Amino acid sequence: MRMPAQHRTVAALAAVTGIAALGLGAGPAAADASEPLRYVALGDSYSAGSGVLPLDPGAPLLCARTSKNYPRLLATSLGAKLTDVTCGGAQTKDFTTAQYPGVAPQFDALKSDTELVTLTIGGNDNNTFISAILACGTSGVLSGGKGSPCKDTYGNTFKDQIESKTYPAIKASLNQIKARSPKAEVAILGYPWITPAKAVPGCFAKMPVAEGDVPYLRDLQAHLNGAAQRAASETGTTFVDMAAASDAHDACRPAGERWIEPVLFGTNFVPVHPNAAGEAGMAARAAEVLNLP
């Protein structure tokens, strides 16, 4: 007799030995399971690893999915059977509607026998965080990096959008995942830190955000992650908190230390997104959290 799905997920994750903060080796297959763990990866560009090369040859080109994203790393270590439908630019609405012509709604991948689901979502909903990055970057350039022009202009606007639209959309999506795949262990990952807690010397050249707006963006990201965490708690979903793990790996750090590439002088072809080290860090943190008793 096969183990219950959630017990199999824990057993499989207990076998993870190859994930490291900056790399991943192939780990053993799922323990005590006659078949590979059935794993579905959902989500946006942070799940797809958009901007990291090489691209996944089996993915739609517009999704810019890498073959080094955290779902692939996690699945390799688990010996899991992965169905990866992550796609750059995805919003919660793209779970149930086609994001691009020929790209099926992501929830089509969910089955009644799916055993593990991971996702990162919410940052693109209502263009909230994209709008904030663009607005604060533009304001920062115009102010020469001084003051807090973005905060002064927008105040709680972005947070209000998260509360009124993004949070309920995430919660509804998690409930739908549970309904479609009732046997699955479901984990939503928070976003790794993009900016440091406060302005640091030399960062403005890479991340043109005014000094007072650096903590403003950090607080906004914390609010977005908090909304995902709250939705997870209210739906019986595992929340993978990236805050401590990604601290000191923000976009202002030098190459080799940062997990997020900056707006300027970065290595990814999609800026302000995780690099390969960031995707590996997300995989490692997900494995750590899901392996808790």
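Residues numbered from 1 in each chain as written. Predicted model: local features only at pLDDT ≥ 70, side-chain atom pairs only at ≥ 80, totals over all residues. Heavy atoms only, no water.

Colleague: Sorry, what's going on with the state of the cysteines here?
Modeller: As used in these notes, a disulfide is a covalent bond between sulfur atoms, one from each of two cysteines. Throughout the structure, instances matching the rule amount to 3 disulfides. Linked covalently through their sulfurs, C63 and C87 form a disulfide whose S-S length is 2.0 Å. Sign of the S-S torsion, about -85° for the bond between C63 and C87, identifies this disulfide as left-handed. With C63 in the loop between α2 (45–48) and α3 (70–78) and C87 in the loop between β4 (81–84) and β5 (116–119), the pair connects residues that are 24 residues apart, well separated along the chain. Of the two residues examined, C63 and C87, each falls in the buried class. Each disulfide pairs two cysteine sulfurs, and for C136 the partner residue is C150, the sulfurs being separated by 2.1 Å. Across the S-S bond of C136 and C150 the torsion is about -70°, and the bridge reads as left-handed. Here the residue C136 occupies a position in helix α4 (residues 128–143), and C150 occupies one in helix α5 (residues 149–154), the gap between them amounting to 14 residues. Of the two residues, C136 and C150, neither departs from the other in class, the shared state being buried. (Disulfide = S-S within 2.5 Å. Helix = DSSP H or I, 4+ residues; strand = E, 2+ residues; numbered from the N terminus. Buried < 20%, exposed > 50% of the residue type's maximum accessible area, 1.4 Å probe, protein only.)

Colleague: Explain unusual backbone geometry to me, please; I cannot follow it from the model alone.
Modeller: Excluding glycine, residues mostly have negative phi values, and the peptide bonds linking residues are mostly trans. Residue P54 is bonded to the preceding L53 through a cis peptide linkage, with omega at 5°. Among the structural elements, P54 can be located in the loop between α2 and α3. Even without glycine at this site, V272 takes up a positive phi of about 55°. Relative to the assigned elements, V272 resides in the loop between α8 (243–246) and α9 (276–290).

Colleague: Explanation requested: α3 in the structure shown.
Modeller: Residues spaced three or four apart along an α-helix point in a common direction, a consequence of the helix completing one turn every 3.6 residues. Among the 9 residues that make up α3, 7 are buried, leaving the element largely enclosed by the rest of the structure. Inspection of α3 places Y70, P71, L73, L74, A75, S77 and L78 among the buried residues, and these make up the whole buried set. Of the residues one or two after α3, G79 is the one with positive phi, at around 70°.

Colleague: What is the right way to look at the nonpolar core in this model?
Modeller: Across soluble globular proteins, you tend to see nonpolar side chains buried next to one another. Ranked by size, the top nonpolar core spans 68 residues in total, and within it L42, V117, L119, L174, I177 and I188 carry the most contacts. Top element by residues in this core is helix α7 (residues 213–235). It accounts for 9 residues. (Core = buried A, V, L, I, M, F, W, Y, C linked by side-chain atoms within 4.5 Å.)

Colleague: Before we go on, may I ask you to explain the sheet that holds β5 in this structure?
Modeller: Within a sheet, neighbouring strands are paired by backbone hydrogen bonds and run either parallel or antiparallel to one another. What the 5 strands build is an open sheet, ordered β4-β3-β5-β6-β7; its pairing is parallel. One side of each edge strand has no neighbouring strand; the edge strands of this open sheet are β4 and β7 (238–240). The average undirected angle you get between the axes of adjacent strands in this sheet is 20°. Note that strand β3 (residues 38–41) and β5 share 3 bridges and pair parallel. Bridge pairing links Y39 to L116 in β5. Where α9 meets the sheet, it contacts β5, β6 (185–189) and β7, and its direction lies at approximately 145° from that of β7. (Pairing = 2+ DSSP bridges. Axes fitted to C-alpha atoms, helices over the stretch in contact; angles between N-to-C directions. Contact = heavy atoms within 4.5 Å.)

Such coordinate-based values are descriptive only and should not be taken to indicate function.
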